[in-house]
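# Results of the structural survey
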Amino acid sequence: MLPPFSYIAVHSKQEALTSLASLAGAALLAGGTDLLVRMKKGETHRYVIDLTGAAELSGVKDRGGTLRIGSGMTHARIGAHPAIAKTCGGLAAACSAVGSPQVRNMGTLGGNLVNASPAADSIAPLLVHNAVVTLESIDGMRSEKLERFITGPYRTTIGKHEILTSVEADTLAGYNEGYRRVAKRAGWAISRLSLAWALNDADGVFKDVRIAVGSCTPVPFRPREAEAFLAGKGRERPVVEEAVKMVLDEIRRISGMRPSFAYKLPVVRDLLLSVLGGDSCS
Amino acid sequence: MFIGRDLDRVDALAKVLGTAGFAHDLRMEGMLFACVVRSTKPHALLRDVDVSGAYAVPGVLRVVSHKDIPGQNTFGALRKDQPFLAESRVRYVGEPILVVIGENEAVAREGAARVRIDYGEIDAVLEPDATGKGRQIYDTGSLMAYKKVRKGDVEKGSAASDVVVAHTFRTTWIDHAFLETEAGIGYVDEGGRIVIKSSTQNIHYKRVEISRLLAIPEERIRVVQATTGGGFGGKLDVTCEGFLALAVHLLKRPVFMRYTREESFLSNTKRHPLSIDYKTGARKDGTLTAVKVDITGDTGPYASYGDAVCLRVAVHATGPYEVPNVWADCKLLYTNNPVSGAMRGFGVPQLAFAHESQLDEVAEALGMDPIDIRIRNGLKRGSVTATGQVLSASAGFVETLKKIEPFWRARQKTKKGSGFGLGCMYYGIGNTGVANPANALVELGEEGRVILHTGACEIGQGSDTALLQIALETLGVARSDVLLDRGDTDTSKDAGSSSASRQTYISGKAVQEAALGLRAFLDEAGYYHRGRALGDIYRATKDKGRLLFEGFFNPPASGLDEATGQGIPYATYAFASHMTEVEVEEATGACRVKQVHAAHDVGKSINPKAIRGQICGGVAMGVGLALMEEFIPGKTASFDAYYIPTSLDMPRVEVFLVEDEEPTGPFGAKGVGEPALIPQAASVVNAVTDAVGVHVYELPCHVERLKGLIESKKTTK
Ligand SMILES: Cc1cc2nc3c(=O)[nH]c(=O)nc-3n(C[C@H](O)[C@H](O)[C@H](O)COP(=O)(O)OP(=O)(O)OC[C@H]3O[C@@H](n4cnc5c(N)ncnc54)[C@H](O)[C@@H]3O)c2cc1C
């Protein structure tokens, strides 16, 4: 059962910002698919501010080189959006894999990022797109790289009076990108492991390689050393194997050895070998 | 004609419209809410129980302890060994200690949360110990049940084998995961009797237990089955009924209960985790020579249905094959883990996983096709089972294999990681080696309406519709002439539990008998030949009293010899073969089940669509058993971490029916409820082996376990 609270439905971003600043003990509710679960377990808030009426938080804008995605966009809408599918395909795939149709119809991108679960599906593809989040409060606006915004499992730099209003992601034309997740069943399951990638290669040579691993380390991350190593190198088995080894080393460096790695590291290895190697390595 | 027809389920419309009164939906004016305080320790003495916090919550009316029980504080379907409310000691996490009754659910739960219990912890026994040397929970030792089957001489049989395969198979706790958690309502009726309506698989049994608990005669108690959202064996034991009866008895007001999902996971019985040492011997031509099976299982601290599981797995140890030399031992041991009890198949799905894997390995060693070794050894008419029973009729096992044989021979791996597997089973219908009768009543009521009174609980398996079809066919009346009155101890006689796939066969036969009684009466009254209307017949005879016709059936079976397990444990058996196609992704260990061909010998199909429904449900449950379901005591709390298959995990299912009629069954029918599940996990596992060449000896074969097997195969290569 939910603990008692006062419910406030706002009709604009401004109203949301004002309410948030003036009401002590308020929580924001977007889709509620994380918040209500926590509240049913006993988390209490005096006020719950429902953001769904704030139209400014919705929508997608192509800003030439980047896409700006409103934080209130649901996973279902992101998964079905043509512009996102075209230039941010990994994110579309990731959002389409979240939970179940019900969860995708309610759950939002903003909620996914602010909740900042290590298994949140949208994080890895957004890291690949060098995403930047915009945060607003009645005192102003700031932007932060997603990589910096999430500081630990379920932890971000968000201020008490801030709302995450949008996310800006590089459009990656000419890249081959994708997203894979592993879960214990075909649907309605949290990712045990996920991998997002965007590759730009020509004539058998890697130009730019972007990889992000989710559900493995405390925060989804980009293995920068391996990415840098691959840039300019030929797309060949020994090169790919070396890069994969670097990724695994980096995971171990970040997290130490964990019992779950007996499963996860071989999966990261095999998925990366096939993603990076293409047919040559499978 | 009503047999073999896809009559619409009698409960379909109400369920689709949402008007069916599930136990969770029951409400009464002025009703209170009761909730249970449960042990948080696996093994402890109750040093002090402080209920003052609960009474401090406004609206809490009563905290009930074992001291408030007027009658016997024990229950159990087969042994009365489990306390309703713990007295001085708790033996598993989730064991009930108190019942808190409040004005509403929030208040009752708040009260329950404020009870303080001072536990004196005792080291818990968390591993079944067959040696008898380790720590024990009871002075009488850890062995709860021990059953044996002996036929021929396995040592000689093994010596005469060209190939011997031996492995140990392990399974774990499985939750029934019925969608409706345990729930019910209780009240005192105008006559001062206690009435309980609940989500249950058996009403007459529950009445006996309430009578013992409250020390009042059974006539003073009425138990009614509410529309029930699934059972699978988990609503055979007393769940909320005892607490409701106690609360109503003490407070004389309506009381409602419903378990949260977390409570259900914590408190309900589980499928027995079994460890199965299995040795199979065969000659070069594939003929089985000997089977030796040594099984140990974790039964938790109380017996529940452990005795039934123990005997049934020993009896079914060989699977549906004729084996001249059999040695099977099953020991169930007490622990402080969850109480293991009845769950769809009573241990046989675990056994099928073992005997079917074994058979594939024997076939592989001999270079035989898996289907050929099954056809060669399959039980058929005239075969002698492991308990020495000669199958004289209705033994269509080989025919089930023949149904899927064309698909098996034509199978083709379409991509890397695809594989095919077979799984087969036989299953004795009804309880093992004991009397398990059912009664039924058919009445000619007001205005000539025929009323079928049955105590058989409809738990979604379709017994309402099947029993109705049997009555309709026997009587040769119209659908609109018959009214079904089900699941009320006031209007029905004991039909036994809806378990062991027994209701169509046993209650069905009792219904047929009762209907034959009415038929003879109607015949004499001129209904069939002179076209006299039912209403006229009723009006002409109603002054002579109720026109009630009784039916009774107890399947002809016998007890088994203690030392050898020889005898006739069941009057009839169901048989099935499943063929499953999977796709395994080596990189991730993910296994998807693509298609299942399922062939079942049901004796006679009463309602083909309902059978198909049972088989699809059984397949889903088997996919869960094979690939994902795993209850970890102390860890698994809810569906958050307990994975059951979703629609996306479901394969396509093709159903084939074999009708080798059972002479003692109603119109030749047997049962299919549990058989639908039993071979499925086995066929998935064999398909995984075919797909990626690893052998699976432990379930569930979830992504991590499968990837681990694939990895270790790589390194040993
Ligand atoms: C059954 C189920 C399955 C799930 N499966 C998945 C899955 O497969 N993958 C996955 O990634 N997640 C999954 N989730 C988690 C959840 O659905 C997602 O994280 C979702 O994106 C959360 O979005 P929301 O809008 O519902 O967030 P809410 O619950 O509304 O909010 C989450 C948190 O973010 C805050 N918040 C929300 N919006 C803003 C904003 N604009 N600015 C500042 N703070 C904000 C809230 O205050 C709250 O603390 C699942 C959840 C459930 C219940």
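Preceding this paragraph is the structure being described.
Here is what the cut-offs are and how they apply
Residues numbered from 1 in each chain as written. Chains lettered and ligands numbered in written order. Predicted model: local features only at pLDDT ≥ 70, side-chain atom pairs only at ≥ 80, totals over all residues. Heavy atoms only, no water. Near = heavy atom within 4 Å. Polar contact = N/O pair within 3.5 Å; in protein donor to acceptor, adjacent residues only side chain to side chain. Areas by Shrake-Rupley, 256 points an atom, 1.4 Å probe, with all protein chains shown as cover. Helix = DSSP H or I, 4+ residues; strand = E, 2+ residues; numbered from the N terminus. Domains from an automatic or database assignment. Axes fitted to C-alpha atoms, helices over the stretch in contact; angles between N-to-C directions. Parallel < 35°, antiparallel > 145°, perpendicular 65-115°, else oblique. Left-handed = near helix turned anticlockwise from the far one by under 90°. Contact = heavy atoms within 4.5 Å. Nonpolar A, V, L, I, M, F, W, Y, C, P; charged D, E, K, R; others polar. Core = buried A, V, L, I, M, F, W, Y, C linked by side-chain atoms within 4.5 Å. Buried < 20%, exposed > 50% of the residue type's maximum accessible area, 1.4 Å probe, protein only. 1 Å grid on protein atoms, 1.4 Å probe; cavity = no way out; pocket = protein on both sides within 12 Å on 5 of 7 lines; lining within 4 Å. Points joined across faces, edges and corners; volume = space filled by probe spheres on them. Phe/Tyr/Trp six-rings, centres within 6.5 Å; stacked < 30°, edge-to-face > 60°. Lys NZ or Arg CZ within 6 Å of the ring centre and 35° of its normal.

What follows concerns the site of the ligand. Residue and element names in this part refer to chain A. Around the ligand, the surrounding shell holds 31 residues, and the nearest of these are Leu-28, Gly-31, Thr-33, Asp-34 and Thr-108. Measuring from an oxygen atom of the ligand, one finds a side-chain N or O atom of Asp-34 at 2.6 Å. Within the backbone of Leu-164, an N or O atom sits 2.9 Å from a nitrogen atom of the ligand. Here the ligand, which alone exposes 980 Å², has 89% of that area covered by the protein. Broken down by secondary-structure element, the contributors of at least two residues to the shell around the ligand are strand S2 (26–29), helix H2 (35–40), helix H7 (109–115) and strand S10 (163–170). Looking at which domains feed residues into the shell around the ligand, each of domain 1 (6–50) and domain 2 (56–170) gives three or more.

For the rest of this paragraph, the subject is the packing of helix H15 (residues 608–627) of chain B against helix H16 (residues 680–692) of chain B. Residue and element names in this part refer to chain B. Running from amino to carboxyl end, H15 crosses H16 at an angle of 55 degrees, the nearest separation of the two axes being 7 Å. The pairing of H15 with H16 is recorded here as oblique in orientation. Along this stretch, H15 crosses H16, giving a crossing that reads as right-handed. Together, Gly-618, Val-619, Gly-622, Val-623, Leu-625, Ala-626 and Leu-627 of H15 and Gln-680, Ala-681 and Val-684 of H16 make up the contact between the two elements. Residue composition of the contact of H15 with H16, grouped by class: seven nonpolar, three polar and no charged.

So, about the nonpolar core. Residues and elements named next belong to chain B. Judged by nonpolar contacts, the single largest core of 161 residues is most densely connected at Ile-276, Leu-444, Val-584, Leu-627, Val-688 and Leu-706. There are two domains that each give this core at least three residues, and those are domain 2 (274–432 + 562–716) and domain 3 (437–553). Excluding its chain neighbours within four sequence positions, the residues that come into contact with Val-584 are Lys-416, Gly-417, Ala-590, Cys-591, Val-688, Ala-691, Val-692, Leu-706 and Ile-710.

The next point concerns the layout of surface pockets. Considered as a void within the structure, the second largest pocket measures approximately 1,000 Å³ in volume. Surrounding the second largest pocket, 41 residues form its lining, A:Arg180, B:Glu585, B:Glu586, B:Ala587 and B:Thr588 being those nearest its centre. For the lining of the second largest pocket, the secondary-structure elements that each account for two or more residues are helix H5 (89–97), helix H6 (101–106), strand S11 (176–182) and helix H12 (261–277) of chain A together with strand S21 (573–585), strand S22 (590–601) and helix H17 (703–716) of chain B. A total of five residues in the lining of the second largest pocket trace back to one element, the largest contributor, which is H12(A).

Looking now at the packing of aromatic side chains. All names here are of chain B. The final tally for this structure, using the stated rule, is 19 aromatic pairs over all chains. With 5.3 Å between their ring centres and 85 degrees between their planes, Phe-169 and Phe-353 make a pair best called edge-to-face. Note that Phe-169 is positioned in strand S8 (residues 163–170) and Phe-353 in helix H9 (residues 348–366), a separation of 184 residues in sequence. Pair check on accessibility: Phe-169 and Phe-353 agree, each one buried. On the basis of an interplanar angle of 25 degrees and a centroid distance of 6.2 Å, the ring pair of Tyr-426 and Phe-575 is categorised as stacked. Within this pair, whereas Tyr-426 is found in strand S16 (residues 418–428), its partner Phe-575 is found in strand S21, the two being separated by 149 residues in sequence. Taken individually, Tyr-426 and Phe-575 each receive the classification buried, so the pair is uniform in this respect. A network of ring pairs unites the aromatic residues Tyr-321, Phe-397, Tyr-426, Tyr-570, Tyr-573 and Phe-575 as a single cluster. When the ring centre of Tyr-259 is taken as reference, the NZ or CZ atom of Arg-38 above it lies at 5.0 Å.

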